[in-house]
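# Structure at a glance
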Amino acid sequence: MKKLLYSLMVVLFAVVATSCSKKMGELSSDYVYCNPSPLVEKGGKVDATVTVNFPAKFFPKKATLTVTPVLVAANGAEQKGQPVYYQGEKVKGNDPVIDYKTGGNATFKTSFDYAPDYAKSGLYLDLKATAGSKTYDLPRVKIADGVVATESLASADNVTPAYGKDNFVKDTFRKYIATMIYEYQSTNLRTSQTQTDDMKALNKAVAATRTDDRQELDGIDMVSTASPEGSYQLNERLAAGREKSSSNYLNSMLKKAKVSGTIMPEQIAEDWDGFRQLVSESDIQDKQLILDVLGRFSDPNQREAEIRNLSAAYTELADKILPQLRYSKVTATVKNIGKTNEEIAAVWASQPDSLTVEEALHYASLLDNDDARIPVYEKIAQIYPNDPRALNNLAGIYYKKGNYDKAADLWKQVKSIDPTNPQASLNQGLIALHNGDIRNAETLIGNGALASEYGEAMGTVNTLKGNYEEAINQFGDVKTNNKAVAQICAGKLQDASTTLNAVANPDGMTSYLKAIIAARQSNSEAVVSNLKEAIKLDPSLAQKAENDIEFAKYASAITGL
């Protein structure tokens, strides 16, 4: 009996010992789940949540397990994630415990930096077990295939640089204003009022339109009024009389200058607005009281009575304010006729330095291709070295041509001329974005917020940061490939299709993005037709399509396109 009991105890000990010290077996990929799968790049990162369901009797009681996620590119490049640790129930430690009999679940997060090599890749778990003094590797477990990297298709190279706009306006208008003051209750225009400096300047400007082919009189406006202390009926007659005498003078002036023009008269019986303005601008001690009193009366007769009372109480009103409201104000508008586009082109060909900087920049904008603009911008920069717009726009041309070093150098010169130039700041941000420096790009583009191209540039930044909704809002009405990328990544496929169909100058990437939308909509025919067009326009997209997990289901259909 004792011998039998001893034998049973030996067997039991052996079973227990085996459960404590046996080696872990291979962990099947059926017990491991990855979310998302396939992986997705967002903001330059590839994040994943991994769940391992350790089966019963898999994890020895005295074992520890190191789990290291590894992203492996098709070319063999690897990135190791942060390892996580688990332990059996008889291990003294602080790591999560996995029960031997029942197994257990373990969930952890991992993250990798995205690079183009990892578009075609796999996510694996490296498993290293330790039991006592023995350490051994378990077979690597594959848990996900490829990285959806559609976000990375947004590119600074496709963003429109910020240009310095010209302020050219063909025809400009200048106003000449003169005021003729009348005496109290008088409609007679005094000679002294026709000889003021303002009136002489107005006369001279009107007369000049007869001999200058690039000027013409656009019209003469005149307002005649009376001060508001008399009765309304009296003030109406005074305003009408002053209008008549002033009109007679102006017609005589036009006749003498031999200039044709239209006089547009207006009468204001009582200029209350002018009165309030003059009082508010004066240094009368109780001016606010005056304004408050007048504000309480809407009846003209009451107002007139109050103004007469106020005039008696405040001599400054009678001596300085009211006399200024007995006038005819004349405004002559002279049109300066600018050069036509044809004239500007002719002058540029013969004597470019005689053009204003606005005319010269306008001429550059009329040219139909960037190659023709390059020598023009170079010449403008020589003629007007203190105006940075020509250099900025020249840099924009080189940027679009892919000469980023030349563009960066020119934008640096622009900032030396104008350190706060918003266009150059934004454009330097595009250079930073092209170089992969998103943080610096965001700062520089932010400094160019006043540039009209800001929304497109910052929308591209936020697309590459994974802020898709914010990016879409910043793009606004712009229809570009980059905006479509943000919409695709945000799951707004119909909006993305609308955007791509409206791109002004569609290219290979436009068709490539249409193929991605078709793939997400399981439209194999559209996938193939759009990829054919994309590769026709840009042959380099063939290799990208082969490695793009977006087209994994269509590998056989697109092979050899």
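Please read all numbers here as calculations on a predicted model, not as lab measurements.

Take the overall build of the protein chain next. Of regular secondary structure, the protein chain possesses 22 helices and 15 strands. Here the C-alpha radius of gyration of the protein chain, 41 Å, is well above what a compact globule of 561 residues would show, namely 24 Å. Each principal axis of the C-alpha distribution contributes one length, and for the protein chain these read about 145 × 65 × 45 Å. Each of the 561 residues in the protein chain was classed as buried or not, and the buried ones make up 46%. Sequence separation of at least 24 residues holds for 66% of the intrachain contacts in the protein chain that already meet a minimum separation of 6.

As a further point, take the nonpolar core. Residues Ile 380, Tyr 512, Leu 513 and Phe 551 are the most contacted members of the largest nonpolar core, which totals 73 residues. Ranked by the residues each element gives to this core, the list is headed by helix 19 (residues 508-520), at eight residues. Other than its neighbours up to four places away in sequence, Phe 551 contacts Tyr 512, Ala 515, Ile 516, Ala 519, Val 527, Leu 531, Ala 545 and Ile 558. Formed by 37 residues, the second largest nonpolar core is a distinct cluster that contains Met 24, Val 84, Tyr 114 and Val 147.

Further remarks concern the packing of aromatic side chains. Using the criterion set out here, one finds eight aromatic pairs in the structure. Ring geometry for Tyr 399 against Tyr 404: centres 5.2 Å apart, planes inclined by 80°, an arrangement best described as edge-to-face. Note on accessibility: Tyr 399 and Tyr 404 belong to one class, buried. Counting every residue linked through ring pairs, the aromatic cluster contains Phe 54, Phe 58, Phe 59 and Tyr 86. Directly above the ring of Tyr 136 sits Lys 23, whose terminal nitrogen or CZ lies 4.9 Å from the centroid. One residue, Arg 140, lies across the ring of Tyr 124, its end atom 5.4 Å from the ring centre.

This brings us to the environment of Ile 98. With respect to the helices and strands, Ile 98 occurs in strand 7 (residues 97-98). Owing to a relative accessible area of 3%, Ile 98 belongs among the buried residues under this scheme. Residues Ile 98 and Ser 522 lie 424 residues apart in sequence; the distance between their C-alpha atoms is 42 Å. Apart from the residues within four sequence positions on either side, Ile 98 is in contact with Phe 54, Phe 59, Tyr 86, Gln 87, Gly 88, Glu 89, Gly 103 and Gly 104.

All right, on to the sheet that holds strand 14 (residues 263-270) then. Taken in spatial order, the four strands line up as 12-15-13-14 in an open sheet, and their pairing is mixed. Pairing within the sheet leaves two strands with one partner each, and these edge strands are strand 12 (171-181) and strand 14. Recorded for the sheet is a direction-independent mean angle of 15° between the axes of neighbouring strands. Of the strand pairs in this sheet, strand 13 (residues 215-226) and strand 15 (residues 327-337) are connected by nine bridges, and their pairing is antiparallel. When the bridges of strand 15 are listed, Ser 224 appears paired with Ser 328. Packing against the sheet, helix 2 (residues 197-211) makes contact with strand 12, strand 13 and strand 15, and its axis sits at approximately 140° to strand 12. Running over the sheet, helix 3 (residues 232-257) touches strand 12, strand 13, strand 14 and strand 15 and is turned about 160° from strand 14.

This part is about helix 16 (residues 468-475). Along helix 16, the residues that are buried comprise Tyr 468, Ala 471, Ile 472 and Phe 475. Taken end-on, helix 16 shows its buried residues confined to a sector of 100°, consistent with a single buried face. Looking at the packing, one finds that the buried side of helix 16 touches strand 2 (39-42), helix 15 (454-464) and helix 17 (481-489). Looking at the residues trailing helix 16, positive phi occurs at Gly 476, about 60°.

A few words now on the pairing of strand 1 (residues 32-35). In strand 1, alternate side chains face the same way, and those of Val 32 and Cys 34 are buried while those of Tyr 33 and Asn 35 on the opposite face are not. As judged from the four bridges shared by strand 1 and strand 3 (residues 45-54), these two strands associate in the antiparallel manner. In the sheet register, Val 32 faces strand 3, and the bridge partner there is Val 52.

This part covers helix 17. Two residues of an α-helix separated by three or four positions point the same way, owing to the 3.6 residues in each turn. Among the nine residues of helix 17, eight are classified as buried, and the element is accordingly described as predominantly covered. Looking at the packing, one finds that the buried side of helix 17 touches helix 15, helix 16, helix 18 (493-501) and helix 19. Following helix 17 by one or two positions, Gly 491 adopts a phi angle in the positive range, close to 80°.

For the rest of this paragraph, the subject is the side chain of Glu 243. Within the secondary structure layout, Glu 243 lies in helix 3. Although Glu 243 is buried, it forms no salt bridge, and the closest oppositely charged side chain is Lys 244 at an N-O distance of 9.8 Å. In this structure the side chain of Glu 243 is engaged in a polar contact, spanning 2.7 Å, whose partner is the side chain of Gln 267. Excluding anything up to four places from it in sequence, Glu 243 contacts Met 222, Ser 224, Pro 265, Glu 266, Gln 267 and Ser 328.

As a further point, take the pattern of salt bridges. A full pass over the atoms with the stated rule returns 24 salt bridges. Put simply, Glu 343 and Arg 214 hold a salt bridge, and the shortest N to O gap is 3.1 Å. Note that Glu 343 is positioned in helix 8 (residues 341-350) and Arg 214 in the loop between helix 2 and strand 13, a separation of 129 residues in sequence. As a salt-bridge pair, Arg 276 and Asp 273 come within 3.9 Å of each other at their nearest N and O atoms. Separated by three residues within a single helix, Arg 276 and Asp 273 lie in helix 4 (residues 272-281), roughly one turn from each other. Its relative accessible area of 60% is what places Asp 273 among the exposed residues. One network of salt bridges, with partners in common, ties together Glu 78, Lys 80, Asp 126 and Arg 140.

In this section: unusual backbone geometry. Leaving glycine out, the prevailing phi sign among residues is negative, and the prevailing peptide bond configuration is trans. In this structure, the amide linkage connecting Asn 35 to the following residue, Pro 36, adopts the cis form with an omega of 0°. Within the element layout of this structure, Pro 36 appears in the loop between strand 1 and strand 2. The step from Ser 37 to Pro 38 runs through a cis peptide bond, and the omega angle for that step is 5°. Along the chain, the position of Pro 38 falls in the loop between strand 1 and strand 2.

Thresholds, definitions, all that
Residues numbered from 1 in each chain as written. Predicted model: local features only at pLDDT ≥ 70, side-chain atom pairs only at ≥ 80, totals over all residues. Heavy atoms only, no water. Helix = DSSP H or I, 4+ residues; strand = E, 2+ residues; numbered from the N terminus. Rg over C-alpha atoms; globule rule 2.2 N^0.38 Å. Buried < 20%, exposed > 50% of the residue type's maximum accessible area, 1.4 Å probe, protein only. Contact = heavy atoms within 4.5 Å. Core = buried A, V, L, I, M, F, W, Y, C linked by side-chain atoms within 4.5 Å. Phe/Tyr/Trp six-rings, centres within 6.5 Å; stacked < 30°, edge-to-face > 60°. Lys NZ or Arg CZ within 6 Å of the ring centre and 35° of its normal. Pairing = 2+ DSSP bridges. Axes fitted to C-alpha atoms, helices over the stretch in contact; angles between N-to-C directions. Arc of directions from axis to C-beta. Lys, Arg positive; Asp, Glu negative; His and termini not counted. Salt bridge = Lys/Arg side-chain N within 4 Å of Asp/Glu carboxyl O. Polar contact = N/O pair within 3.5 Å; in protein donor to acceptor, adjacent residues only side chain to side chain.

All we've got here are geometric facts, nothing functional implied.
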